[in-house]
Amino acid sequence: MQGFTIVDLIILVVYLAAVLFAGLHFAKKEMKGKEYFKGDGTVPWWVTSVSIFATLLSPISFLSLAGNSYADTWLMWFAQLGMLLAIPVTIKFFLPIYSKLDIDTAYHYLELRFGSKGLRVLGAVMFIVYQIGRMSIIMYLPCMVLGSLTGISVNALIIIMGVIAIIYSYTGGLKSVLWTDFIQGSVLLIGVTFALIFLLVHLDGGMGAIFSAFATEHKFLAVDQPIFDPNILKDSVFIMIVGAGFNTMGSYVSSQDIVQRFTTTTDTKKLNKMMLTNGALSIFIATVFYLIGTGLYVFYQQNALPPAAAQDQIFASYIAFELPVGVTGLLLAAIYAAAQSTLSTGLNSVASSWTLDIQSCLSKKELGFEKETKIGQRVSLIVGIFIYRELDVKKIIELTKNACETTASILIVIGCAAGFSKVLTLGRIPTTVASAMLALTDSKIVILLLINVLLLIVGCFMETLCAIMILAPILYPVVTAMGVDITHFGIIMVVNLAIGFITPPLGVNLFVASRVGETTLDNVIKGIVPFLGLMIVTLLAI
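Note that this is a predicted model, so its numbers are computed, not measured. (Residues numbered from 1 in each chain as written. Predicted model: local features only at pLDDT ≥ 70, side-chain atom pairs only at ≥ 80, totals over all residues. Heavy atoms only, no water.)

Asks: Would you take a moment to explain the overall build of the chain for this structure?
Replies: Secondary structure assignment for the chain yields 22 helices and 0 strands. With 542 residues in all, the chain has 50% of them scored as buried. Within the chain, residue pairs in contact and separated by at least 24 positions form 79% of the contacts whose partners lie at least 6 positions apart. With the model as given, the accessible surface of the chain reaches about 24,600 Å², and the carbon-plus-sulfur share is 69%. (Helix = DSSP H or I, 4+ residues; strand = E, 2+ residues; numbered from the N terminus. Buried < 20%, exposed > 50% of the residue type's maximum accessible area, 1.4 Å probe, protein only. Contact = heavy atoms within 4.5 Å. Areas by Shrake-Rupley, 256 points an atom, 1.4 Å probe, with all protein chains shown as cover.)

Structure (structure tokens):
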């Protein structure tokens, strides 16, 4: 157990210097049009595909995937197969639209589709808040693990990572980010694959020992983890695939850090190749990680555990204490690479979304390409903290005023609903309704249907929090007496009352959409009818 050596440190430093040099090498001194945000059209599709792969594979995944199969089974591996659902749907229905419209950002589509700059700005703001939080976590957690293994200060690792990513994101824009992502994604693929091969060579029984653990110790799927279970509240392979499929599709079609890669070309054939290659790489690397995790489970039954052998650190500990000198440095660099590629992508996507979705929409005069590039570079430096001069004090006051008006209209609705709920409580109406339901039937199915109808009606007239506070204590004895699982009832109640957010007359989200979309309440209600029907069908399935 040699741990982290000076040789490994040198390799790590050389790797970081090489990434910085590559980022600067692909940077262009003069960028025309929107090259800073969308590239110059010279980046091959396979580079972009690996960039998407590197973006989606965060260092948290790097550490946790192997930890999952080490401590548990392969159930979570099936989540990667959700791509088999997400990719075809994205290719069929979304990529052709993005290609045809030649959108600048994911939220540009909202403006084109609904004719509202407000929706575009809202989407961008939500993405930026989410992305800044995500980048903070992704910078801290892997640096904490690396710091414990290498002895290097966590703060120093975070600063180095941030400085390097900022430099090439600032100077080279999306083109530099794509090429450095490609390099870092390739290092990750090669390094992790080598780690698996090295592990199998030094494992008594090799791959056969892993398959033996699958069969004798249920390390592939546990007895209580079926392929399909009609109870969707329980773990099953089917739920993992479907749930992860929708989640992944959400990233593909609405997250700027991924959609930004699609804006690099309008060639649908290249876009399709990007998606398919990314899917193949993602499933491949997940399989490698899970084989490593199960392999480590067998390996540490045959050998002593290393220091820092917690579940999510088991692979990093193996890298630090079992791999040859030099290879350890390369693999720890791969962990760092996963964090740095996600960080650089986040910086550039936040810069593009702020500049094109927010700054351009709020500016009273049209911004030129050169000015947009400068704004994007500045945002890359300070990740949305520094406000460029176009957003002056007067505009801030105006935006604050608009936000107050929107919030006030919503609070008025909530206040009236709260008062109405008080009237219902004083009249003991919910208690009377609950007693009537029990008197009608002793069938659990009928009771659940009646509760669904009650909650749908209540959701139309009562604020959600008030409805939960009033009805939950009343309905709880009813459902427990009928043998209904309390978690199942909780989901039913939440989904029902969530539907209430978009049902008149007191659907709070209707008023929000009306204000943000700058349209009438009637138009909003007409637009949500198909979605309302789909939500009710989903509710019946639950």
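Asks: I keep staring at the nonpolar core and nothing clicks. Help me out?
Replies: A general feature of soluble globular proteins is that nonpolar side chains tend to end up buried together. Grouped together as the largest cluster of nonpolar side chains are 112 residues, with contacts concentrated most on F62, Y252, I292, L296, F315 and Y318. Top contributing element to this core by residue count: helix α14 (residues 327-362), with 17 residues. Look past the residues within four positions of Y318 in its chain and what remains in contact with it is F198, L199, L296, F299, Y300 and L323. (Core = buried A, V, L, I, M, F, W, Y, C linked by side-chain atoms within 4.5 Å.)

Asks: Help me understand a nonpolar patch on the surface, please; the structure alone is not making it clear to me.
Replies: Where nonpolar side chains cluster on the molecular surface, the patch consists of I6, V7, I10, V14 and V325 and spans about 440 Å² of accessible area. In this fold, I10 is placed in helix α1 (residues 6-25). (Patch = residues over 30% accessible without salt bridge, like charges linked within 9 Å, V, L, I, M, F, W, Y side chains within 5 Å. Salt bridge = Lys/Arg side-chain N within 4 Å of Asp/Glu carboxyl O.)

Asks: Explain the environment of I167 here, please?
Replies: Inspection of the secondary structure puts I167 in helix α8 (residues 154-201). Linking I167 and Q377, residues 210 residues apart in sequence, is a C-alpha distance of 9.8 Å. When neighbours within four sequence positions are excluded, I167 is seen to be in contact with L20 and L24.

Asks: What exactly am I supposed to notice about the side chain of T248 here?
Replies: In this structure, T248 sits in helix α10 (residues 237-254). With a relative accessible area of 15%, T248 lands in the buried category. Discounting chain neighbours no more than four positions away, the residues touching T248 are M83 and A86.

Asks: How should I be thinking about the packing of helix α5 (residues 83-101) against helix α12 (residues 268-302) in this particular structure?
Replies: For any two helices packed against each other, one specifies the inter-axial angle together with the distance between the axes. At their nearest, the axes of α5 and α12 sit 10 Å apart, and the two run at 160° to each other. Judged on the interaxial angle alone, α12 and α5 are roughly antiparallel. The chirality of how α5 crosses α12 is right-handed. Along the contact surface, α5 presents M83, L84, I87, T90, I91, L95, P96 and S99, while α12 presents T268, L271, N272, M275, L276, G279, S282 and I283. (Axes fitted to C-alpha atoms, helices over the stretch in contact; angles between N-to-C directions. Parallel < 35°, antiparallel > 145°, perpendicular 65-115°, else oblique. Left-handed = near helix turned anticlockwise from the far one by under 90°.)

Asks: Quick question: what am I supposed to make of unusual backbone geometry here?
Replies: A negative phi holds for most residues other than glycine; trans holds for most peptide bonds. Of note, the phi angle at D102 is positive, near 50°, even though the residue is not glycine. Examined against the element boundaries, D102 turns out to sit in the loop between α5 and α6 (108-114). Even without a glycine there, the phi angle at H218 is positive, about 55°. As for its placement among the helices and strands, H218 is situated in the loop between α9 (206-216) and α10.

Asks: Looking at this structure, how should I read the pattern of salt bridges?
Replies: A side chain with one charge may pair with a side chain of the opposite charge, provided their charged atoms come close. Overall, the coordinates contain 5 salt bridges when judged by the stated rule. The partner of R120 in a salt bridge is E111, and the shortest N-O contact between them spans 2.7 Å. Residues R120 and E111 agree in their burial class; the two are buried. A salt bridge links R261 to D181; its shortest N-O distance comes to 3.0 Å. Taken together, the residues span a long stretch of sequence, with R261 in helix α11 (residues 256-262) and D181 in helix α8 at a distance of 80 residues. Neither R261 nor D181 differs from the other in exposure class; each is buried. Overlapping salt bridges bring together K38, D102 and D104 as one network.

Asks: Just to check I follow, could you spell out the side chain of E111 for this structure?
Replies: Checked against the element boundaries, E111 lands in helix α6. E111 has contacts with S116, K117, R120 and C361, leaving out every residue within four places of it along the chain.

Asks: Would you explain the packing of aromatic side chains in this entry?
Replies: Note on aromatic pairs: each is described by the distance of the centres and the angle between the planes. Under the definition given, this model contains 18 aromatic pairs. Centroid distance W46 to F182: 5.4 Å. Interplanar angle 65°. Geometry classified as edge-to-face. Of this pair, W46 sits in helix α3 (residues 45-56) while F182 sits in helix α8; the two residues are 136 residues apart in sequence, bridging distant segments of the chain. With 5.4 Å between their ring centres and 85° between their planes, W74 and F214 make a pair best called edge-to-face. A residue pair is termed long-range when its members are at least 10 positions apart, and W74 in the loop between α4 (59-71) and α5 and F214 in helix α9 qualify at 140 residues. Residue classification places F214 among the buried positions, given a relative accessible area of 14%. (Phe/Tyr/Trp six-rings, centres within 6.5 Å; stacked < 30°, edge-to-face > 60°.)

Asks: How do you make sense of the packing of α3 against α8 when you look at a structure like this?
Replies: Close contact between α3 and α8 brings their axes to 8 Å; oriented N to C, the two are set at 65°. Relative to α8, α3 is oriented roughly perpendicular. Handedness of the crossing formed by α3 with α8: left-handed. Of the residues in α8, those in contact with W46, V47, T48, V50, S51, F53, A54 and T55 of α3 are L178, W179, D181, F182, G185, S186, L188 and L189. When the residues that make up the contact of α3 with α8 are grouped by side-chain class, the tally is 10 nonpolar, 5 polar and 1 charged. (Nonpolar A, V, L, I, M, F, W, Y, C, P; charged D, E, K, R; others polar.)

Asks: Got a minute to help me understand α10 in this structure?
Replies: Since the α-helix packs 3.6 residues into each turn, any two residues three or four apart lie on the same face. For α10, spanning 18 residues, the distance from its first C-alpha to its last is 26 Å, which sits close to the expected 26 Å at 1.5 Å a residue. Of all the residues in α10, the buried ones are V237, M240, A244, G245, T248, M249, Y252 and V253. Viewed end-on, α10 has its buried residues packed into an arc of 160°, placing them on one side of the element. Of the residues in α10, the exposed ones pointing more than 90 degrees away from the buried face are F246 and N247. On its buried side, α10 packs onto α3, α5, α11 and α12. (Expected span 1.5 Å × (residues − 1). Arc of directions from axis to C-beta.)

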